Amino acid sequence: VREVAIIATAMAKNVRVYAGNEIELLLPVVQEVVAASGLPRRRIQFTTLASSDFWAGQAFAFVRALDAAGAYPVLDDSHVDMDGAFALYEAWVRLQTGEVDSALVYALGKSSAGRLHEIAPLGLDPYVLAPLAPDPHSLAALSARAMIDRGLCDERALAEVTLANLRRARDNPLALEVDRPQDADTLQKQPFLAAPLRAADCAPVCDGAVAVVLASAELAREVCERPVWIRGIEQRVDPHGLGHRPLHEAPSARLAAQKLALDPAALDVAELMCLYPHEQLLLARELGLAPHTRVSPSGSGWAGHALMATGLSRVVEAARAIERDEARLTLAHASAGPCLQQNILTLLGADHG
Amino acid sequence: VSTEPLVEPWTLAFPYTRSTGATLGRFFAGLAAQRILGRRAVDGRVFVPPLEHDPRDGSPLGDWVEVSPYGTVETHTWIAEPLSTHPRTTPFAFAMVRLDGADTPLLHVVDAPEREAVFTGLRVRARWAEERTGHLRDLAGFEPLPPGASDTFTPEGESMPELASRSFVYPMALHYDVRAGHALSVHLRGLSEARFLGRRCPRCARVYVPPLGACSVCSIAVSEDVELAGSGTVITFCIVNLAVRGQEHLERPFACGNVLLDGADTPFLALLQGCAVKEVRAGMRVRAVWREPAERGPSLSSVRHFEPSGEPDADVSELVRRRKELHRA
């Protein structure tokens, strides 16, 4: 395995609606990350954008978004129709091949143009799921209920996870600003959106953008004072069919952790991509997180769910915890598909020493 | 005059035709005949809905099995306020229902009077749609089994329904608020006033018309406003023989082409009128013909079309060479 490091990160502040277009949202973030990398834009050999045209409502919106990255004349460029955490995986693989020694990974999370409950069902099996148009909140609620029924959590525990994330999001300067319930009692007085989940339990959808620059070890040591090393990266996927896997578990997250040889005792921070409170409880169990590990200091999805950017934002948060010397070893998690179907884990470490 | 970026509601709607194939086709044929079919895996587990292959190991699934219309709720969520896309307009539950004889639960609707009436372990029975066409929703949903009602089921026998339909239409409609962006909004508002407003890159001096916000070479914001005259050159073109939606009023064939305005570095597609289509050529000099003020708006359709200006042709290879040089710079 070729050693690869994150040498720069940038993240926009999450807002409910960004008034400009996709390019204008991405541009400052790309400029910031390129400047921070210390590399001229044209020196970065590979670029990959994470976005989905379904969120723009326009065919080939992702091609248009390339303008933000100065992609002309033609560069070695790619696009991933998934969260940026998966685009980072693609870039990491490209670095593994030895073809490139640097990569720009950027994610466009402009969710406000479309509507979650209309778009999300199009990502489901079109024969036996999409015709019922179950929205993401409803599907997550099936999973939450399955956990409650097995005694793995209760509604009070869900409320407390939500509140803890909202509190951490309040201290995150880049988080979406939202009205937050004061305490568990207030939260539990909210009506159910999809029982047992209430409005505050569902990560607020927003607009955001995030970017990182990766470099090979040689290049990273040359241009970066404090590279954050990718110690491992693994992704696994469960069957799509909701009846084909236990909804109170995430076997693919467990397997990814095994393949990563994750040592929970050594982990200082776990930035989990959670959009609903039970997901944090479920993932903590599947990943075997130890009590001393700080979970999602950023507030996770409650800092704002900018679709396609939320997972890569977890990587950035996990990397920054190392940059700030608050941690030596951190984990970033991201997921895709209904009920945590697909899970990717990126393990980040400080410089040896 | 507002300088807020423009927002436009936009609906993207089209019907997908979904081919059902041999496996789901038979499942849907079963639903049309009020029967629920599954398939048996190598280890004996029955998958409902049926699949072609076992998701655990990829082995093909085998025999068809008819399962009971009675089953048990395995997990559920109560939807007090259905969304516009939901299969009900009044409160209902989504639930995973495992039918007697099946080993996998399926997602569907459970209709009940109130949230407390739906719980894990609840016994339910299938309710059928009156009109059935070979679609998932031929099975209208499930309802709680009334106390004392029988839930014994005897399959009709060995015969399995044949394919009822090979496809169904999945209509979709997505609603958007499309935001033009800061730079493009300036351009679009200019079109309302019969003006071409572009933006110049402060680094490489390329002029973008229409501007989308960034210089695609320099990766910086295009910040300097530039006004251009309505004259330009056809860079390339095509002759359209097809009826194009929204252009039915045009006499066919008609020409459209990429027009590079004088002073601009990015061409855009425009309708070319005012001469016979066979006279349209690369290098032809053209000028914009604007619509009347009342007909104009923040859209390129404010330009009725471009027409020949009568000037001598421009040297296209020279224009192309100049643009290539810019890109190399």
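Participant: In this structure, what is going on with the overall build of chain A? I would like to understand it.
Facilitator: In terms of regular secondary structure, chain A is built from 12 helices and 12 strands. For 353 residues, the compact-globule formula gives about 20 Å, and the C-alpha radius of gyration of chain A, at 19 Å, lands near that figure. Taken along its principal axes, the extent of the C-alpha atoms in chain A is 55 × 45 × 40 Å. Relative to its 353 residues, chain A shows a buried fraction of 66%. Taking contacts inside chain A between residues at least 6 apart in sequence as the whole, the part at least 24 apart equals 80%. Approximately 11,900 Å² of chain A is accessible, and the part contributed by carbon and sulfur atoms is 53%. Looking at chain A, you have 32 positive and 43 negative side-chain charges, and the mean spots of the two groups are 2 Å apart.

Participant: Would you explain the nonpolar core in this entry?
Facilitator: Grouped burial of nonpolar side chains is what soluble globular proteins tend to show. In terms of nonpolar packing, the biggest core is built from 138 residues, with L214(A) and L287(A) touching the most fellow members. Considering each element in turn, this core owes the most residues, 8 residues, to helix α6 (residues 136–149) of chain A. Every residue in contact with L287(A), bar those within four places of it in the chain, is listed here: A253(A), A257(A), L262(A), P264(A), L272(A), L331(A) and L345(A). Counting residues in hydrophobic clusters, the runner-up holds 62 residues, among them V30(A), F196(B), V234(B) and A288(B).

Participant: Help me out: how do you make sense of the packing of helix α4 (residues 84–96) of chain A against helix α12 (residues 310–323) of chain A in this one?
Facilitator: Packed helices, taken two at a time, are described by the angle between their axes plus the distance between the axes. All names here are of chain A. Packing of α4 against α12 brings their axes to within 5 Å, and their N-to-C directions diverge by 65°. Taken as axis vectors, α4 and α12 run roughly perpendicular relative to one another. Side by side, α4 and α12 meet where G84, A85 and L88 of the first sit next to G311, L312 and V315 of the second. Its residues placed into classes, the contact of α4 with α12 shows 4 nonpolar, 2 polar and no charged.

Participant: Explain helix α11 (residues 277–287) of chain A here, please?
Facilitator: Residue pairs three or four apart in sequence face the same way in an α-helix, which turns once every 3.6 residues. All names here are of chain A. Most of α11 sits out of view: 8 of its 11 residues are buried. Burial in α11 covers these residues: P277, H278, E279, Q280, L282, L283, E286 and L287. At the C-terminal side of α11, G288 shows a positive phi close to 65°.

Participant: Help me out: how do you make sense of the interface of chain A and chain B in this one?
Facilitator: It is common to report an interface's size as the accessible area lost on association of the parts. Contacts between the two partners involve 58 residues from chain A, matched on the other side by 62 residues from chain B. Summing the contributions of chain A and of chain B, the shared interface buries around 5,000 Å²; its carbon and sulfur component is 62%. By the criterion of area lost to chain B, the three top residues of chain A are Y127(A), L132(A) and H244(A), representing 15% of everything that side buries. Counting across the chain A and chain B interface gives 0 salt bridges. The interface formed by chain A and chain B holds 19 residue pairs in polar contact (both at pLDDT 80 or more) in total. Sorting the residues of the side of chain A that touches chain B by element identifies α1 (22–37), α2 (53–56), α5 (116–119), α6 and β5 (192–194) of chain A as the ones contributing at least two each. When residues in the side of chain A that touches chain B are grouped by element, the largest group, 7 residues, is from α6(A). Of the residues in the side of chain A that touches chain B, the class split is 37 nonpolar, 11 polar and 10 charged.

Participant: What should I look at first to understand the sheet that holds strand β11 (residues 329–336) of chain A in this one?
Facilitator: Whenever strands of a sheet pair, they do so through backbone hydrogen bonds, lying parallel or antiparallel. Residues and elements named next belong to chain A. Pairing is mixed across the open sheet formed by 10 strands, whose spatial order is β3-β2-β4-β7-β1-β8-β12-β11-β9-β10. Each having just a single partner strand, β3 (76–80) and β10 (294–295) make up the two edges of the open sheet. Pairing between strand β2 (residues 46–50) and β3: 5 bridges, direction parallel. In the strand pairing of β3, F46 is matched with D76.

Participant: Mind showing me how you'd approach the packing of aromatic side chains here?
Facilitator: Between two aromatic rings, the relevant description is the distance of the centres plus the angle of the planes. All told, the structure shown has 11 aromatic pairs over all chains when counted by the stated rule. Judged by centre distance (5.6 Å) and plane angle (55°), the rings of F27(B) and F28(B) are tilted. Given the relative accessible area of 1%, F27(B) is considered buried. The aromatic ring of F46(A) is capped on one face by R94(A), whose charged end is 4.6 Å from the ring centroid.

Procedures and definitions
- Residues numbered from 1 in each chain as written.
- Chains lettered and ligands numbered in written order.
- Predicted model: local features only at pLDDT ≥ 70, side-chain atom pairs only at ≥ 80, totals over all residues.
- Heavy atoms only, no water.
- Helix = DSSP H or I, 4+ residues; strand = E, 2+ residues; numbered from the N terminus.
- Rg over C-alpha atoms; globule rule 2.2 N^0.38 Å.
- Buried < 20%, exposed > 50% of the residue type's maximum accessible area, 1.4 Å probe, protein only.
- Contact = heavy atoms within 4.5 Å.
- Areas by Shrake-Rupley, 256 points an atom, 1.4 Å probe, with all protein chains shown as cover.
- Lys, Arg positive; Asp, Glu negative; His and termini not counted.
- Charge placed at Lys NZ, Arg CZ, Asp CG, Glu CD.
- Core = buried A, V, L, I, M, F, W, Y, C linked by side-chain atoms within 4.5 Å.
- Axes fitted to C-alpha atoms, helices over the stretch in contact; angles between N-to-C directions.
- Parallel < 35°, antiparallel > 145°, perpendicular 65-115°, else oblique.
- Nonpolar A, V, L, I, M, F, W, Y, C, P; charged D, E, K, R; others polar.
- Buried area = accessible area lost by both parts, 1.4 Å probe.
- Salt bridge = Lys/Arg side-chain N within 4 Å of Asp/Glu carboxyl O.
- Polar contact = N/O pair within 3.5 Å; in protein donor to acceptor, adjacent residues only side chain to side chain.
- Pairing = 2+ DSSP bridges.
- Phe/Tyr/Trp six-rings, centres within 6.5 Å; stacked < 30°, edge-to-face > 60°.
- Lys NZ or Arg CZ within 6 Å of the ring centre and 35° of its normal.

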